[in-house]
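Take a look at the letters that make up each chain.
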Number of protein chains: 2
Amino acid sequence: MKEKKKSLIKAISAIYRYSQTYIGENIKKYNIGKGQWNFLTQLLFNEDGLTQEELSDTLHIDKANTARALKLLEDEDYIYRQLDPKDARKKRIYVTNKSRVFEEEFHCVFKDLNKILSKDFTPEEKEMARILLYRMLDNIIAYRETQGKGK
Amino acid sequence: MKEKKKSLIKAISAIYRYSQTYIGENIKKYNIGKGQWNFLTQLLFNEDGLTQEELSDTLHIDKANTARALKLLEDEDYIYRQLDPKDARKKRIYVTNKSRVFEEEFHCVFKDLNKILSKDFTPEEKEMARILLYRMLDNIIAYRETQGKGK
DNA sequence: AAAAAACAGTTGCGATAGCAACCAAGTTCT
DNA sequence: AGAACTTGGTTGCTATCGCAACTGTTTTTT
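Quantities reported herein were computed from a predicted structural model and do not represent experimental measurements.

Our next topic: the sheet that holds strand β1 (residues 50-51) of chain A. All names here are of chain A. In space, the three strands of this open sheet follow the order β1-β3-β2, with antiparallel pairing throughout. For this open sheet the edge positions go to β1 and β2 (79-84), each flanked by a neighbour on one side alone. Pairing of β2 with strand β3 (residues 87-95), which is carried by six bridges, proceeds in the antiparallel orientation. Bridge pairing in β3 places Tyr-80 opposite Tyr-94.

This part covers the sheet that holds strand β2 (residues 79-84) of chain B. Residues and elements named next belong to chain B. One open sheet holds the three strands; their spatial order is β1-β3-β2, and the pairing between them is antiparallel. Two strands lie at the open edges of the sheet, namely β1 (50-51) and β2, each paired on one side alone. Most of the contacts of helix α4 (residues 63-75) go to β2, to which it runs at about 120 degrees, and overall it touches β2 and β3 (87-95).

Not every one of the 28 residues close to DNA strand C is listed here, only the nearest: Gln36(A), Asn65(A), Gln52(B), Glu53(B) and Lys91(B). Close to the protein, within 4 Å, the atoms of DNA strand C belong to sugar or phosphate groups at a rate of 65%. The separation between a phosphate oxygen of DNA strand C and a polar main-chain atom of Ala88(A) is 3.0 Å. A distance of 2.8 Å separates a base nitrogen of DNA strand C from a polar atom in the side chain of Lys63(B). Among the secondary structure elements, those contributing two or more residues to the surface near DNA strand C are α1 (8-27), α4 (63-75) and β3 of chain A together with α1 (8-27), α3 (52-59), α4 and β3 of chain B. Split into classes, the residues belonging to the surface near DNA strand C amount to seven nonpolar, eight polar and 13 charged.

This part covers the protein's contact with DNA strand D. The environment of DNA strand D is made up of 28 residues, and the closest members are Gln52(A), Glu53(A), Lys63(A), Lys91(A) and Asn65(B). Within the side chain of Arg81(A), a nitrogen or oxygen atom sits 3.2 Å from a phosphate oxygen of DNA strand D. One nitrogen or oxygen atom from the main chain of Asp62(B) is found 3.2 Å from a phosphate oxygen belonging to DNA strand D. Of all the elements in the fold, those that place two or more residues in the surface near DNA strand D are α1, α3 (52-59), α4 and β3 of chain A together with α1, α4 and β3 of chain B. When its residues are assigned to classes, the surface near DNA strand D shows seven nonpolar, eight polar and 13 charged.

The next subject is the packing of α3(A) against α4(A). Residues and elements named next belong to chain A. Contact geometry for α3 and α4: axes closest at 9 Å, N-to-C directions at 115 degrees. Classified by the interaxial angle, the pair formed by α3 and α4 is roughly perpendicular. The two elements α3 and α4 meet at a crossing, and its hand is right-handed. Contact residues: α3 offers Gln-52, Glu-53, Leu-55 and Ser-56, while α4 offers Lys-63, Thr-66, Ala-67 and Leu-70. Broken down by class, the residue content of the contact of α3 with α4 amounts to three nonpolar, three polar and two charged.

Right, let's get into the environment of Ile27(B). All names here are of chain B. Checked against the element boundaries, Ile-27 lands in helix α1. The buried category is assigned to Ile-27, whose relative accessible area is 1%. Distance from Ile-27 to Tyr-80, taken between C-alpha atoms, is 19 Å for residues 53 residues apart in sequence. Apart from residues no more than four positions distant in its own chain, Ile-27 is found in contact with Ile-32, Gly-33, Lys-34, Trp-37 and Val-109.

So, on to the relation of the copies chain B and chain A. Each copy of the sequence occupies a distinct position, and chain B is placed on chain A by a rotation of 180 degrees and an axial shift of 0.0 Å, giving an RMSD of 0.1 Å. Within this description, the copies of the chain are treated as partners about a two-fold rotation axis.

Before going further, it helps to examine the interface of chain B and chain A. The figure often quoted for interface size is the accessible area lost as the parts come together. Taken together, the contact pairs 55 residues of chain B with 55 residues of chain A. Both faces considered, chain B and chain A share a buried interface measuring about 5800 Å² in area, 66% of it formed by carbon and sulfur atoms. The largest share of the area that chain B buries against chain A comes from Leu8(B), Lys10(B) and Tyr18(B), three residues that together contribute 12% of it. Summed over the shared surface of chain B and chain A, the result is two salt bridges. The salt bridge involving Arg135(A) is made with Glu125(B); its shortest N-O contact spans 3.0 Å. Every element with two or more residues in the side of chain B that touches chain A is listed here: α1, α2 (37-45), α5 (97-117) and α6 (123-146) of chain B. Class assignment for the residues of the side of chain B that touches chain A results in 28 nonpolar, 12 polar and 15 charged.

About the thresholds
- Residues numbered from 1 in each chain as written.
- Chains lettered and ligands numbered in written order.
- Predicted model: local features only at pLDDT ≥ 70, side-chain atom pairs only at ≥ 80, totals over all residues.
- Heavy atoms only, no water.
- Pairing = 2+ DSSP bridges.
- Helix = DSSP H or I, 4+ residues; strand = E, 2+ residues; numbered from the N terminus.
- Contact = heavy atoms within 4.5 Å.
- Axes fitted to C-alpha atoms, helices over the stretch in contact; angles between N-to-C directions.
- Near = heavy atom within 4 Å.
- Polar contact = N/O pair within 3.5 Å; in protein donor to acceptor, adjacent residues only side chain to side chain.
- Nonpolar A, V, L, I, M, F, W, Y, C, P; charged D, E, K, R; others polar.
- Parallel < 35°, antiparallel > 145°, perpendicular 65-115°, else oblique.
- Left-handed = near helix turned anticlockwise from the far one by under 90°.
- Buried < 20%, exposed > 50% of the residue type's maximum accessible area, 1.4 Å probe, protein only.
- Least-squares fit on C-alpha atoms with pLDDT ≥ 70 in both.
- Buried area = accessible area lost by both parts, 1.4 Å probe.
- Salt bridge = Lys/Arg side-chain N within 4 Å of Asp/Glu carboxyl O.

Distances and angles like these do not, on their own, reveal function.
This is the structure in structure tokens:
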């Protein structure tokens, strides 16, 4: 029985899908879906007031999805859009009070997921995992840029 | 400006999506999509003759998707299904000669992706990334089992 | 042996994702 | 100023994915 080396991408795929399911289950009660968490956490825990384009770039998500996800978040009153007074093409996205009310609860969902994933990791291993993952991400972004898909 | 610790799952999500796009582009010429590579590589590079359920379990993919992906692979003549003579519920999946013809080319797509992701990694870092990722996967699988979603 | 339960695979459904085409607002070029 | 181009966002399309409900086969229970 030949021992095949298991590929990085197989693990990443499975972790991604199971994590999405986990997130979906744990944010369902807020009436938002697993396609929206990325945007909401970015706005809540990093910075709001970004345009949709900036959000897309930061999160590496297609701008069409960004438009759709933000629409849903807006419908549920977690964010609102405001036209940039300097440039009427841009819509700047801000979180609502409702988002702030649930901020801590949201945060827990992601802290918990992180704990699940890195269970029994030493602090050094956690840090190493983070570093290696973000290097992989940078690598594939750099590759895409050589292919002319910079953005 | 507060320095936020970046989460594992954000990186994993982005890597997953970019990798899926990469794979999709590179296997398009074989008339198969990014939803099918996981099954085909498993059958080609590990073992065929598995049932759909076994494939689902190994790849951590819902059995409904397995059925659909295999249907497409069968339509394109990369695999065939054979009823298990001992148990008429089971369909065992085998790769075709057509698959074997392209085996090396397929392999390159995934080797190349692996190279892109782990660019500038030392051999130790590559190994560490693999180990940590599979531990994360095992962790979330174990968590799911505590939640009664063993399979 | 008949009924009930378990198992393997399929289908229906709704949500998410990327690409391409499009529209409206701003910028640049002549 | 007007034409051409760029930029930011939206919509249409198609593919993927997980869950739930279903069909047909096998096993277990009584």
